[in-house]
Amino acid sequence: MTNNWVDIKNADLILVMGGNAAEAHPVGFRWAIEAQKTRNAEIIVVDPRFTRTAAVADHYAPIRSGADIAFLLGAIRYLIASSQVNHEYVKAYTNASFIVRDDYAFHDGLFSGYDAEKRKYDRSSWFYQLDDQGYALKDESLQHPRCVWNLLKDHVARYTPDVVANITGTPIDMFEHVCKALGSTAANNRVATILYATGWTQHSKGAENIRCMAMIQLLLGNMGMAGGGVNALRGHSNIQGITDLGLLAQSLPGYLKLPSDKDVDLAAHLKHHTPVALEADQTNYWQHYPEFFVSLLKSFYGKNATAENNFGYDMMPKWDQGYDMLRVFEMMNKGEMNGYICQGFNPVASMSNKQKTLDALSKLKYLVVVDPLATETSTFWQNKPNVNEVDTASIETEVFRLPCACFAEEDGTIVSSARWLQWHWKAADMPGEAKGDAEILAGIFLKMRDMYQKNGGTYPDPILSLDWNYAIPSAPNTKELAQELNGKDANGKQLSSFSKLKADGSTNAACWLYTGSWTEAGNQTARRDNSDPSGLGIAPNWAWSWPANRRVLYNRASTHPDGSPWDKTRTLVEWNGNKWVGPDVPDFNAKLPPSSNAGPFIMQPEGVGRLFALDKMAEGPFPEHYEPFETPIGTNPLHKNVVSNPAARLFKDDAAQLGTKENFPFVGTTYRLTEHFHTWTSHSHFNAVLQPEQFVEIGEGLAKERGINNADMVRVTSKRGSIEAKAYVSKRITPLHVNGQAVHTVGIPIHWGYEGDTKPGYLANTLSPCVGDANSQTPEYKAFLVNVEKVK
Ligand SMILES: Nc1nc2c(c(=O)[nH]1)N[C@H]1C(S)=C(S)[C@@H](COP(=O)(O)OP(=O)(O)OC[C@H]3O[C@@H](n4cnc5c(=O)[nH]c(N)nc54)[C@H](O)[C@@H]3O)O[C@H]1N2
Ligand SMILES: Nc1nc2c(c(=O)[nH]1)N[C@H]1C(S)=C(S)[C@@H](COP(=O)(O)OP(=O)(O)OC[C@H]3O[C@@H](n4cnc5c(=O)[nH]c(N)nc54)[C@H](O)[C@@H]3O)O[C@H]1N2
Ligand SMILES: [Mo]
């Protein structure tokens, strides 16, 4: 979240699109209801299904799954055409006035630089024109034909209401209602927030869905505002912490970059990732990359990291390609991997194309599952009639199960969607022989180190040089780990701020973003003072929020360029003549006066929010509508030759597993229910009683067409497999009129498997395809093709 949960109460408009917050985030969603009750905020839901969130919303608009970019680019066109834009904000705080290179182009669905063979762009033309000092050229009058503002207007001109309705299936009047509501928040005293989750991310162009919305919030002047922002409602209670700490295929803790094989040494790596300012006098905060990165290396290798050995840089693994889960299972399936440690991950249930996952696991020599529960992954080799038919005798994978604690059985921090690190205390002791995750990892590490020490090996240095300075080496405790994340100075004192980190090896920090969370004053994440003097939900002494306990990112943009708030009732920070003050921690140098040239988006080398993304996105500097890889209309109404995202991840064998609308005419989309959490809660008797049996949701129209009654057994089939479940015939899904045909949606909840107390069911991912988003490689779980028939 750019903002935070409580901040939602400050919004005048809450757009829930690409998520079902009332169902999947029922506790946090109370702040949306608070806004509705106390300030008459409007809640709007745009979703293929009339969800539980829609049931309490003021307005609902249906949309075809996978069509949001057309909707949002249509909204941008509407906002610009009707001048419902915060013009002062756009001019001062976005790159609208920046001039783009002459060789940047967009034709027939492709941006300049496409290489069809590699399915990749050469992105060099997606950049600003620079002057001889390397600064970007601008035209403050916004007249220059190559300035971002005019390129954007051209780009979205195609997305008229008719075109939007034709692609999305959203009726025009419902679409225009959403546009008008958004437009009303261009005013200084009205703010909109956006709540989204996997309805936007789980698409072959998921990251571009979110970019579209960020662009809208920039145009409306809603970024940095209390009650505004673009708010990702994260999944597991600590998934935010996981991404912060680098459990992503491309990053290290604190969103530092994994060294690639092109970064031949430390100097090359630092040069590659330390941006040069694109405008004079910008804060360009990533200029501190070397301080963060060297402090991380010091945290890894301790005294074994010295200036002479480049702080151990050469010992780090180098990244040749992304090892995201699509790639890993592809490699496993090709026999290019022979062992796999699966910790807190149940890929047989959660990974797309279950058959491929089973095939891949069957080729391993060994599989280690570290989990508190008996997961479908740990028993993948067991034949279960109907729901998991495998030839057990032919599977030679040796499976080890290491029982472990779950989060409620250990102390530690959990990072919420709001970027708040909140210390929690264990609720119970771990049962039986279970061990904590850290203890299990430590056990594996110490054993390996022992073996390298005794027996040598090809390259033992990275393991032998790792700093492992814990009171009990076999069981690092969560306090020590939290202190290590915060980091220490040369004297071993806890650092108070990441501004104190150094690139000379005198400081260490395992996650620069968390520096300040455990200082010499103690554990800031355990603070529990909920007083909120501003009334804006900032509660500065409740837990600790990264970065620097700041509650709303980019809050410098909540004021006019002169430092006075756009809306005095929503003051987060303001310039008092000497410095920036206010209830929130300024996301800006507190001493830098408004008269300076520095922009509010301090992480960008040009200091402003990007309407044009430059070379940062894989499939283009502006979003564009592309069809899901399995499209129910078989064509892209906008482009003759480009149907789906040309830069999305698609392996050859997976491409052969894609179906077409002739055999699979309906859109399948997977979703969650409040009563279950993935497939774990099937092990909890209470949850199992609440939702005991697998079902799929179909609309009345489709039910009639296929002669299906409520509670009939149906078979849902995709190119990759089929499942059988009870039909829930509902009014919540209506057919949409798209490109001259009716499109029916089939809703498939993800919660049933064959372990636990629920009635054994088929895993939903039997059906979904292995297609990855071009930037994040998230599979396209939300839009694929299926057929439905009654089981006779
Ligand atoms: N009770 C419960 N809560 C959970 C979880 C759980 O399993 N159970 N899981 C947690 C996790 S890990 C996560 S990531 C979050 C996920 O939270 P959500 O993303 O909110 O959950 P989903 O139900 O997967 O999907 C949300 C909605 O997206 C809609 N949708 C599908 N495709 C599209 C589309 O193309 N456009 C639009 N606008 N909408 C679309 C679906 O109809 C669905 O209503 O929930 C978390 N919270
Ligand atoms: N079709 C479809 N597939 C999806 C999705 C979808 O919407 N549709 N959603 C996707 C999303 S958003 C997510 S997040 C993934 C989730 O899928 P996975 O990442 O596989 O995660 P879970 O099934 O939530 O949890 C994995 C295991 O963690 C265990 N666990 C719980 N606490 C601990 C602990 O403290 N330590 C350890 N070691 N284990 C623990 C649980 O018992 C569980 O078996 O599924 C994805 N798959
Ligand atoms: Mo998730």
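Residues numbered from 1 in each chain as written. Chains lettered and ligands numbered in written order. Predicted model: local features only at pLDDT ≥ 70, side-chain atom pairs only at ≥ 80, totals over all residues. Heavy atoms only, no water.

The next point concerns the packing of helix α12 (residues 266–273) against helix α13 (residues 289–301). At a closest axis distance of 9 Å, the pairing of α12 and α13 adopts a crossing angle of 140°. Classified by the angle between their axes, α12 and α13 sit oblique to one another. Crossing hand, α12 versus α13: right-handed. Between α12, through L266, H269, L270 and H273, and α13, the contact on the second element is made entirely by Y289, P290, F293 and L297. Along the lines of polarity and charge, the residues of the contact of α12 with α13 split into six nonpolar, two polar and no charged. (Axes fitted to C-alpha atoms, helices over the stretch in contact; angles between N-to-C directions. Helix = DSSP H or I, 4+ residues; strand = E, 2+ residues; numbered from the N terminus. Parallel < 35°, antiparallel > 145°, perpendicular 65-115°, else oblique. Left-handed = near helix turned anticlockwise from the far one by under 90°. Contact = heavy atoms within 4.5 Å. Nonpolar A, V, L, I, M, F, W, Y, C, P; charged D, E, K, R; others polar.)

This part takes up α12. Looking only at α12, the buried set comprises L266, H269, L270 and H273. The arc that holds the buried residues of α12, viewed along the axis, is 95°, so those residues lie on one side. Of the exposed residues in α12, those oriented more than 90 degrees away from the buried face are A267 and K271. (Buried < 20%, exposed > 50% of the residue type's maximum accessible area, 1.4 Å probe, protein only. Arc of directions from axis to C-beta.)

The next point concerns the sheet that holds strand β22 (residues 666–671). Taking strand neighbours around the barrel as the criterion, the six strands line up as β22-β28-β23-β25-β24-β29 in a closed arrangement whose pairing is mixed. With direction set aside, neighbouring strand axes in the sheet form an average angle of 45°. Inspection of the sheet shows β22 paired to strand β28 (residues 745–749) by five bridges, in the parallel sense. When the sheet's bridge partners are listed, Y671 is paired in β28 with P749. (Pairing = 2+ DSSP bridges.)

With that out of the way, let us pick up helix α7 (residues 161–168). Buried residues of α7: V164, A165, I167 and T168, and no others. Where α7 is buried, its residues contact α4 (68–81), α8 (172–183) and β26 (736–738). The first or second residue beyond α7 is G169, which carries a positive phi of 80°.

Near ligand 1 there are 32 residues, and of these D47, G66, T198, R672 and H676 occur at the shortest range. N20 is positioned such that a nitrogen or oxygen atom in its backbone is 2.8 Å from an oxygen atom of ligand 1. For ligand 1, whose accessible area on its own is 920 Å², the fraction buried by protein is 95%. Those elements that place two or more of their residues in the shell around ligand 1 are α1 (21–24), α9 (198–201) and β22. Partitioned by chemical class, the residues of the shell around ligand 1 number nine nonpolar, 17 polar and six charged. For the shell around ligand 1, the two domains that each supply at least three residues are domain 1 (1–11 + 21–62) and domain 4 (652–790). (Near = heavy atom within 4 Å. Polar contact = N/O pair within 3.5 Å; in protein donor to acceptor, adjacent residues only side chain to side chain. Areas by Shrake-Rupley, 256 points an atom, 1.4 Å probe, with all protein chains shown as cover. Domains from an automatic or database assignment.)

Moving on, we get to the UniProt feature "domain: Molybdopterin dinucleotide-binding" (unreviewed entry) in the protein chain. When the UniProt feature table is mapped onto this chain, "domain: Molybdopterin dinucleotide-binding" (unreviewed entry) is found at residues 669–784. Along residues 669–784 the backbone is 10% helical and 31% strand, and the end-to-end C-alpha distance reaches 7 Å. (UniProt positions renumbered as here; feature names shortened; annotations may be inferred.)

Here the bond from W546 into P547 is cis, since omega is -10°, no more than 30 degrees from zero. Along the chain, P547 turns up in the loop between β19 (544–545) and β20 (574–575). Unlike most non-glycine residues, R419 shows phi in positive territory, near 70°. Assignment of secondary structure puts R419 in the loop between β15 (412–415) and β16 (420–424). Of the residues examined, R419 reaches a relative accessible area of 1% and is grouped as buried.

This next bit is on the site of ligand 2. Taken together, 27 residues lie near ligand 2, and H236, D371, H678, W680 and N765 sit nearest. Contact between ligand 2 and N765: a nitrogen atom at 2.6 Å from a side-chain N or O atom of the residue. Note that a nitrogen atom of ligand 2 is positioned 3.4 Å from one of the side-chain N or O atoms of Y781. When ligand 2 is considered free in solution it has 910 Å² of accessible area, and contact with the protein chains removes 87% of it. Looking at the shell around ligand 2 residue by residue, the class counts come to 12 nonpolar, 11 polar and four charged. When residues of the shell around ligand 2 are assigned to domains, at least three fall in each of domain 3 (325–414 + 430–455) and domain 4 (652–790).

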